[in-house]
Amino acid sequence: MSVLDDIIVGVRADMAVREAAIGLDELVDRAFAAPEPRDPLPGFRAPGLSVIAEVKRSSPSKGALADIPDPEELALAYAAGGAAAISVLTERRRFGGSLDDLVRIRSRVDRPILRKDFTVEPYQIYEARAHGADLVLLIVAALDDATLERLYTLSLELGLTPLVEVHTPDEARRAAGLGAALIGINNRNLKTLTVDLGMFERIVPLVPAGAVKVAESGILTAGDAARVRSAGADVILVGEALVTHDNPRVAIAELIAAADAGTR
């Protein structure tokens, strides 16, 4: 069993507990009663590099990264530093996240929010909308074609923006086939957890020209941000480098400045 497979087993077990407490019918009602989601795409398409800044306590590859007792305060610092969107990890077992983090951040921050989790069922899409998310993550490696299309379509129907994540050429072609407007290229191999920034450079030519291109994982320095920006990234998703920095607000500004300086 790969790391990704193992994570999904836990995700399904935790989801079953939540579904036993709040049934799908009630969750659907809550989703449609929630405010309209924000559209992140205009911001991502604006001139300059955009940053999705991640609230991330731990990871399977690095273990504990940061104690984050007040996720909303961290998200406010991200926004002040120029983050275009906030990513909130809600997976509990490996990443130490929760839907409560999402709710707390939504109550204080006006930026679009990505629910960063391993989405495998429609229940999670409705959950995301009901708890105030604007974007959802769909990992192509975790989904067969039929499920990927079903979750993608449902996300759009609910007004959510799917971030369709790929990490192989075949997955990039599958994402392109969906007509995805927002495609993330993960530099981390989801089966081995190894990271290679060259992954973005190799796969980005397969992403349709009209799609917003997101570089994910392994962006730890201003030089890394400049590298993927020069290769065609419109957006970077950064977690570890921010939560371990003494001043996340300054760190975001430095990433943006370095990346944009390299493309002038």
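Nothing here was measured: the structure is a model prediction, and the numbers come from that model.

Peer 1: Mind showing me how you'd approach the environment of Ile68 here?
Peer 2: Positionally, Ile68 belongs in the loop between strand S3 (63–64) and helix H4 (71–81). Here Ile68 falls in the buried class, since its relative accessible area comes to 6%. In this structure the C-alpha to C-alpha distance between Ile68 and Gly97, which are 29 residues apart in sequence, comes to 10.0 Å. Every residue in contact with Ile68, bar those within four places of it in the chain, is listed here: Val55, Lys56, Arg57, Leu74 and Val243.

Peer 1: How do you make sense of unusual backbone geometry when you look at a structure like this?
Peer 2: What you tend to see is this: most non-glycine residues have negative phi, and most peptide bonds are trans. Its identity as a non-glycine residue notwithstanding, Leu193 has a phi of 70°, on the positive side. Owing to a relative accessible area of 19%, Leu193 belongs among the buried residues under this scheme. Unusually for a residue other than glycine, Ser217 sits at a positive phi of about 75°. Residue position: Ser217 is located in the loop between strand S9 (212–216) and helix H10 (222–231).

Peer 1: Would you take a moment to explain helix H1 (residues 3–21) for this structure?
Peer 2: Residues that lie three or four places apart on an α-helix share one face, since the helix turns once every 3.6 residues. With 19 residues, H1 ought to run about 27 Å at 1.5 Å a step, and its terminal C-alpha atoms sit 28 Å apart, in line with that. Looking at H1, one finds that the buried residues are Leu4, Ile7, Ile8, Gly10, Val11, Asp14 and Met15. Along H1, the residues classed as buried sweep out an arc of 165° about the axis, all on the same side. Those residues of H1 that are exposed and angled more than 90 degrees off the buried face are Val17 and Ala20. Taken together, the buried residues of H1 touch helix H6 (122–130).

Peer 1: Whenever I open this one, the pairing of strand S5 (residues 113–116) confuses me. Can you help?
Peer 2: Looking down a regular strand, the side chains alternate between one sheet face and the other. By the alternation rule, side chains of S5 split into Ile113 and Arg115 and Leu114 and Lys116, which are all buried. In this region the chain leaves strand S4 (residues 85–89), passes through helix H5 (residues 99–106) and returns to the parallel neighbour S5; the handedness of that crossover is right-handed. Note that S5 and strand S6 (residues 135–139) share 2 bridges and pair parallel. When the sheet's bridge partners are listed, Leu114 is paired in S6 with Leu135. At this point the chain moves from S5, through H6, to the parallel S6, and the crossover so formed is right-handed.

Peer 1: Can you walk me through the pattern of salt bridges in this structure?
Peer 2: For side chains of opposite charge, pairing can occur when their charged atoms come near one another. If you walk through the whole model with that rule in mind, you get 21 salt bridges. A salt bridge links Glu127 to Arg115, with the nearest nitrogen and oxygen atoms 3.0 Å apart. Remark: Arg115 occurs in strand S5 and Glu127 occurs in helix H6; sequence separation between them is 12 residues. We note that Glu127, like Arg115, is buried. Connected through shared salt-bridge partners, Arg18, Arg115, Asp117 and Glu127 make up one network.

Peer 1: Explain H5 here, please?
Peer 2: All of the buried residues in H5 are Leu99, Asp101, Leu102, Ile105 and Arg106. Along the axis of H5, the buried positions cluster into a sector of 155°, meaning they face one direction only.

Peer 1: Got a minute to help me understand the packing of H1 against H6 in this structure?
Peer 2: Helix-helix packing is characterised by the crossing angle of the two axes and by the distance between the axes. At a closest axis distance of 11 Å, the pairing of H1 and H6 adopts a crossing angle of 65°. Crossing geometry of H1 relative to H6 is assigned as left-handed. Counting all contacts with H1, which are made through Val11, Met15, Arg18 and Glu19, the residues of H6 involved are Tyr123, Gln124 and Glu127. The class makeup of the residues in the contact of H1 with H6 is 3 nonpolar, 1 polar and 3 charged.

Peer 1: Can you help me understand the side chain of Asn187 in this one?
Peer 2: Its location among the elements puts Asn187 in the loop between strand S8 (182–186) and helix H9 (198–203). Of the residues examined, Asn187 reaches a relative accessible area of 1% and is grouped as buried. Among the polar contacts made by the side chain of Asn187, one reaches the main-chain carbonyl oxygen of Ser217 at a distance of 3.0 Å. The residues contacting Asn187, other than those within four sequence positions of it, are Thr194, Val195, Asp196, Leu197, Met199, Phe200, Glu216 and Ser217.

Peer 1: Would you explain the UniProt feature "domain: Indole-3-glycerol phosphate synthase" (unreviewed entry) in the chain in this entry?
Peer 2: Residues annotated by UniProt as "domain: Indole-3-glycerol phosphate synthase" (unreviewed entry) correspond here to residues 5–255. As a span, residues 5–255 carries 44% helix and 18% strand, and end to end its C-alpha atoms are 33 Å apart.

Peer 1: Is there a simple way to explain the sheet that holds S4 in this structure?
Peer 2: With respect to topology, 8 strands assemble into a closed barrel ordered S1-S4-S5-S6-S7-S8-S9-S10, the strand pairing being parallel. Within the sheet, the average angular offset between the axes of one strand and its neighbour, ignoring direction, is 25°. Here 4 bridges tie strand S1 (residues 50–55) to S4, and the two strands are oriented parallel to one another. If you follow Val55 over to S4, its bridge partner there is Val88.

Rules behind the numbers
- Residues numbered from 1 in each chain as written.
- Predicted model: local features only at pLDDT ≥ 70, side-chain atom pairs only at ≥ 80, totals over all residues.
- Heavy atoms only, no water.
- Helix = DSSP H or I, 4+ residues; strand = E, 2+ residues; numbered from the N terminus.
- Buried < 20%, exposed > 50% of the residue type's maximum accessible area, 1.4 Å probe, protein only.
- Contact = heavy atoms within 4.5 Å.
- Expected span 1.5 Å × (residues − 1).
- Arc of directions from axis to C-beta.
- Right-handed = clockwise from strand over helix to strand, strands pointing away.
- Pairing = 2+ DSSP bridges.
- Salt bridge = Lys/Arg side-chain N within 4 Å of Asp/Glu carboxyl O.
- Axes fitted to C-alpha atoms, helices over the stretch in contact; angles between N-to-C directions.
- Left-handed = near helix turned anticlockwise from the far one by under 90°.
- Nonpolar A, V, L, I, M, F, W, Y, C, P; charged D, E, K, R; others polar.
- Polar contact = N/O pair within 3.5 Å; in protein donor to acceptor, adjacent residues only side chain to side chain.
- UniProt positions renumbered as here; feature names shortened; annotations may be inferred.

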